[in-house]
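Single-letter residue listing:
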Amino acid sequence: MVFVPAPRLTVTIELLAGAPDIHLHPGGQGVWQARMLRAMDTRVVLCAVFGGETGQVTRDLLADTDLEVRAVDGESRTGAYVHDRRGGDRIDVAEMPGEPLSRHEVDELYGLALAEGLRAGVCLLGGPGHPPVVEPEVYRRLAADLSANGCLVVADLRGAHLHAAAAGGVRLIKVSHEELLIDGDAGADTLDELVRAASALRREGVETVIVTRGQHPALALIGDEVYEVVAPLLEAVDTKGAGDSTIAAIVASIAQHEDLADAIRTGVAAGTLNVTRHGLGSGQREAIMELRERVRLQPVRETGAERGTWEGPHLRATPEELAERIRPR
């Protein structure tokens with residue numbers, strides 16, 4: 001189950017034979033994550049609210065995909081944006097944030113997500129896009145109710161929503177280094193500060209924390225061990241959506257009963273492949289699995305007389321020892 005409080009209508013302008021080529025797609029974090037889950041041959045149910053003209057169009061477009069959608073018909077307008085990519089890079093032309101959900105809409109969405117989450121057993125909580133759309137407390141309650149009833153809950157959140165979900169009870173969280181910096185969870189873009197921020201989430205009760213770092217290796221805090229997840233560098237066409245592909249492929253692997261090491265390697269492979277494509281949350285499973293064989297988890301070590309100083313990568317275990325060390329118990 002993918003919790004999508006704020007899907008978006010996306011309008012992208014590209015060039016085709018020298019003329020503008022306009023594309024309309026359903027989008028937003030949860031939709032892109034659901035697309036990657038399907039690409040990884042995982043059944044997925046998307047729970048979302050659709051409102052206004054943009055919501056109607058987004059829902060109609062989703063009907064033409066192979067995603068299962070449980071929808072709440074709301075009055076709060078679904079967000080939308082227009083991007084111009086005719087020059088190669090994304091240029092924001094206009095963006096309309098989604099409107100805050102009403103109490104009734106939240107109640108209806110919560111009931112759908114709870115029911116589908118309990119059926120699925122593995123749940124991914126996606127962010128609201130525009131923070132005021134949903135109060136952080138909704139994430140805390142949903143994470144708590146799902147976890148208390150035996151579901152494995154994963155979250156891709158930031159700021160107050162991230163900490164609320166952690167308080168409710170999630171097994172794994174993915175957050176980007178930029179989000180940690182913007183929200184004040186990390187004081188600087190350094191290995192020390194990012195490890196400190198990830199460790200703070202561990203103390204809040206999260207078992208595994210993944211911190212994506214753009215072109216740099218992602219960090220994985222698994223138990224008390226810190227790893228850099230090193231992937232081959234590929235030439236980027238569009239970096240948007242790489243983090244969503246990463247967490248979705250991790251969740252797909254967990255749902256398919258792979259061990260945590262392979263799940264993380266698969267996720268980073270999916271995120272790495274996504275930057276070579278124009279489509280967000282897209283990629284062929286065969287290519288992802290081939291790329292996964294080239295992704296390595298390398299332990300990072302704490303150094304110096306003062307604890308809290310880290311350097312990496314520093315390989316201090318054989319692959320067999322590493323696999324055993326991070327095997328889920």
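Criteria and cut-off values
Residues numbered from 1 in each chain as written. Predicted model: local features only at pLDDT ≥ 70, side-chain atom pairs only at ≥ 80, totals over all residues. Heavy atoms only, no water. Pairing = 2+ DSSP bridges. Helix = DSSP H or I, 4+ residues; strand = E, 2+ residues; numbered from the N terminus. Axes fitted to C-alpha atoms, helices over the stretch in contact; angles between N-to-C directions. Patch = residues over 30% accessible without salt bridge, like charges linked within 9 Å, V, L, I, M, F, W, Y side chains within 5 Å. Areas by Shrake-Rupley, 256 points an atom, 1.4 Å probe, with all protein chains shown as cover. Salt bridge = Lys/Arg side-chain N within 4 Å of Asp/Glu carboxyl O. Buried < 20%, exposed > 50% of the residue type's maximum accessible area, 1.4 Å probe, protein only. Contact = heavy atoms within 4.5 Å. Parallel < 35°, antiparallel > 145°, perpendicular 65-115°, else oblique. Left-handed = near helix turned anticlockwise from the far one by under 90°. Core = buried A, V, L, I, M, F, W, Y, C linked by side-chain atoms within 4.5 Å. pLDDT = per-residue confidence, 0-100. Right-handed = clockwise from strand over helix to strand, strands pointing away. Expected span 1.5 Å × (residues − 1).

A. Molecular detail of the sheet that holds strand β13 (residues 225-230). Strand order in the open sheet made by the 10 strands is β5-β4-β1-β8-β9-β10-β11-β12-β13-β14, with mixed pairing throughout. Two strands bound the open sheet, and with one partner strand each, they are β5 (68-74) and β14 (296-299). Sheet twist, expressed as the average angle between the axes of neighbouring strands with direction ignored, equals 20°. Where strand β11 (residues 208-213) lies against strand β12 (residues 216-222), five bridges are found, and the strand directions are antiparallel.

B. View of a nonpolar patch on the surface. A cluster of nonpolar side chains, contributed by Ile22, Leu24 and Val57, occupies part of the molecular surface with about 250 Å² of accessible area. With respect to the helices and strands, Leu24 occurs in strand β3 (residues 19-27). On the basis of relative accessible area, Leu24 is assigned to the partly exposed category, the value being 42%.

C. Expanded view of the pattern of salt bridges. As enumerated under the stated definition, the model contains 22 salt bridges in all. Where Arg85 meets Glu14, a salt bridge forms, and the shortest distance between an N and an O atom there is 2.1 Å. You can see Arg85 sitting in the loop between β6 (79-84) and β7 (91-96) and its partner Glu14 sitting in strand β2 (residues 8-16), a full 71 residues away along the chain. Each member of the pair Arg85 and Glu14 is classed as buried. In this structure, Glu207 engages Arg171 in a salt bridge whose closest nitrogen and oxygen atoms are separated by 3.2 Å. Of this pair, Glu207 sits in the loop between α7 (191-203) and β11 while Arg171 sits in the loop between α5 (159-168) and β10 (172-176), and the two are 36 residues apart along the sequence. What makes Arg171 partly exposed here is its relative accessible area of 39%.

D. Quick peek at α5. Burial analysis of α5 places seven of its 10 residues in the buried class, which makes it a mostly covered element. Here α5 has its buried residues at Gly159, His161, Leu162, Ala164, Ala165, Ala166 and Gly168. Against the buried residues of α5 lie α4 (136-148), β9 (152-156), β10 and α7. Positioned one or two residues after α5, Gly169 has a phi angle of 120°, which is positive.

E. Spatial organisation of the packing of helix α3 (residues 103-120) against α4. Remark: α3 packs on α4, axes separated minimally by 10 Å, with the N-to-C direction vectors making an angle of 25°. Looking at the two axes, α3 sits roughly parallel to α4. For the pair α3 and α4, the sense of crossing is right-handed. Residue-level contacts link Val106, Tyr110, Ala113, Leu114, Gly117 and Leu118 of α3 to Val138, Arg141, Leu142, Asp145 and Leu146 of α4.

F. Seen up close, the nonpolar core. Counting 47 residues, the largest nonpolar core has Phe3, Leu125 and Val170 as its most contacted members. It is α7 that contributes the most residues to this core, six residues altogether. What Leu125 contacts, discounting residues up to four positions off in sequence, is Phe3, Tyr139, Leu142, Ala143, Val153, Val154, Ala155, Asp156 and Leu157. Grouped together as the second largest cluster of nonpolar side chains are 43 residues, Val2, Met36, Phe50 and Val154 included.

G. Molecular detail of the confidence of the model for the protein chain. Chain-level statistics for the protein chain give a pLDDT mean of 88 and a share of 87% at 70 or above. Of all helices and strands in the protein chain, the one with the weakest mean pLDDT is helix α11 (residues 319-325) (44), whereas α4 scores best (98). For the stretch residues 313-329, pLDDT sits under 50, and the model shows 29 contacts to residues farther than four places along the chain or on other chains.

H. Spatial organisation of the pairing of strand β8 (residues 122-126). Most of β8 sits inside the fold, with five of its five residues counted as buried. The alternating pattern of β8 places Val122, Leu124 and Gly126 and Cys123 and Leu125 on opposite faces, both of which are buried. Inspection of the sheet shows strand β1 (residues 2-4) paired to β8 by two bridges, in the parallel sense. Counted as the bridge partner of Val2 is Leu124 from β8. In this structure, β8 lies alongside β9, joined through five bridges in parallel fashion. Looking at the pairing, Leu124 lines up with Val154 of β9. On the question of chirality, the crossover connecting β8 to the parallel β9 by way of α4 is right-handed.

I. Just helix α8 (residues 242-255), in detail. Its 14 residues give α8 an end-to-end C-alpha distance of 20 Å, which sits within 8% of 20 Å, the value for a rise of 1.5 Å per residue. Within α8, 13 of the 14 residues are buried, which leaves the element mostly enclosed by the surrounding structure. The first or second residue beyond α8 is His257, which carries a positive phi of 70°.

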